[in-house]
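Per-entry structural report
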Amino acid sequence: MMKSITAATALCAATGLASAGGIEIAGIGGGLLMQSKDLSSLAFDTGGGQPEFNTTDLAEIHADINADISTDGCVTFILADVNVGGTTKLAFLALVDEETGVSGGGVDSSIYMTTTGNGSNLEWINDNGSDITGSLGSTFDGDFEWISAGRGDAFAWSNLVAGDVLNFRFEEVFGALATANGLSSPEFQFLSWDGSDWVRVFGSGAGAGGKYTFTSNDQFGFSATVIPLPMPALLGIAGLGLAYAARRRIAR
């Protein structure tokens, strides 16, 4: 069952709500609430002595979300409290399509992502093709390439503290590994934990069911600033693609 909540309702519901983390995303689209859920028992795995974002972790995160909202065919953004070396840290996760842990068929989809954090943030990558690479220590980019029949990808920034700024930008890919093979329009959804359920949050500019889609330049992006608690987390979806020249990526 899909649960959703409009901006006005979310802000009312936020009053007095205890949460470990909040984030404010600047741009158009109105104010949205985004609260974190404690997923420290699911991510990130430390069984091998070092934290890692493995497929089991990713499948368990999706299973947790899917109890309330489907992640299939979407890029899903959540805020969560995670385990980093035995310490709970705040993280912002971008989940590219659903991960069930069961693959069927070959890689058939891709989407380009670039993201920037700061020197104190830790990056976490789950990528079938290992194409997401870093530069300058705080910027990561590349093409996620995944199997739409159950094997998605993901990226996360953790160790977030108040004042940290994050940026994300996605570009649609066309060709043999077209984004549309794995994602359905509208492609992007933002979820919040309301204390008992995951809910989809949205404001003006959202499409069907409160999801967001690519701009006319085939891009979608936003910037985020971590805010102190117990302030509500206000979210505005920014079409950062408007600031970039149109560029259609062709899958090789």
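Description of the structure in this document.

This part is about the pattern of salt bridges. Per the counting criterion, the structure on display carries 3 salt bridges. Between Lys-37 and Asp-64 there is a salt bridge whose closest N-O contact spans 2.9 Å. With Lys-37 in strand S3 (residues 37–38) and Asp-64 in helix H2 (residues 55–66), the pair connects residues that are 27 residues apart, well separated along the chain. Here Glu-99 ties to Arg-151 by a salt bridge, and the two come within 3.2 Å at their closest N and O atoms. Taken together, the residues span a long stretch of sequence, with Glu-99 in the loop between strand S5 (87–96) and strand S6 (109–116) and Arg-151 in the loop between strand S9 (139–146) and strand S10 (153–160) at a distance of 52 residues.

Attention now goes to the nonpolar core. Most often, soluble globular proteins keep nonpolar side chains buried together rather than apart. Of all hydrophobic cores here, the largest spans 33 residues; its most connected members are Phe-77, Phe-92, Ile-111, Phe-168, Phe-170 and Phe-188. One finds Leu-42, Phe-53, Ala-91 and Leu-93 within the second-largest nonpolar core, a separate group that totals 22 residues.

Turning next to unusual backbone geometry. A negative phi angle is the norm for most residues apart from glycine, just as the trans form is the norm for most peptide bonds. In this structure, the amide linkage connecting Ala-43 to the following residue, Phe-44, adopts the cis form with an omega of 0°. Secondary-structure assignment places Phe-44 in the loop between S3 and H2. Of note, the bond from Ser-185 into Pro-186 is cis; its omega dihedral lies within 30 degrees of zero at -5°. Tracing the sequence through the fold places Pro-186 in the loop between strand S11 (165–174) and strand S12 (188–193).

For the rest of this paragraph, the subject is the pairing of S9. Across the 8 residues that make up S9, a large majority, 6, are buried. Taken together, the 8 bridges between S6 and S9 define a ladder with antiparallel strand orientation. Residue Met-113 lies in a different strand from S9, and its bridge partner there is Gly-142. Bridge count for strand S8 (residues 133–135) against S9 is 3 bridges, and the pairing is antiparallel. Counterpart to Gly-134 in the pairing with S9 is Phe-140.

Reading the values: rules and limits
- Residues numbered from 1 in each chain as written.
- Predicted model: local features only at pLDDT ≥ 70, side-chain atom pairs only at ≥ 80, totals over all residues.
- Heavy atoms only, no water.
- Salt bridge = Lys/Arg side-chain N within 4 Å of Asp/Glu carboxyl O.
- Helix = DSSP H or I, 4+ residues; strand = E, 2+ residues; numbered from the N terminus.
- Core = buried A, V, L, I, M, F, W, Y, C linked by side-chain atoms within 4.5 Å.
- Buried < 20%, exposed > 50% of the residue type's maximum accessible area, 1.4 Å probe, protein only.
- Pairing = 2+ DSSP bridges.

Taken by themselves, the reported measurements are silent on function.
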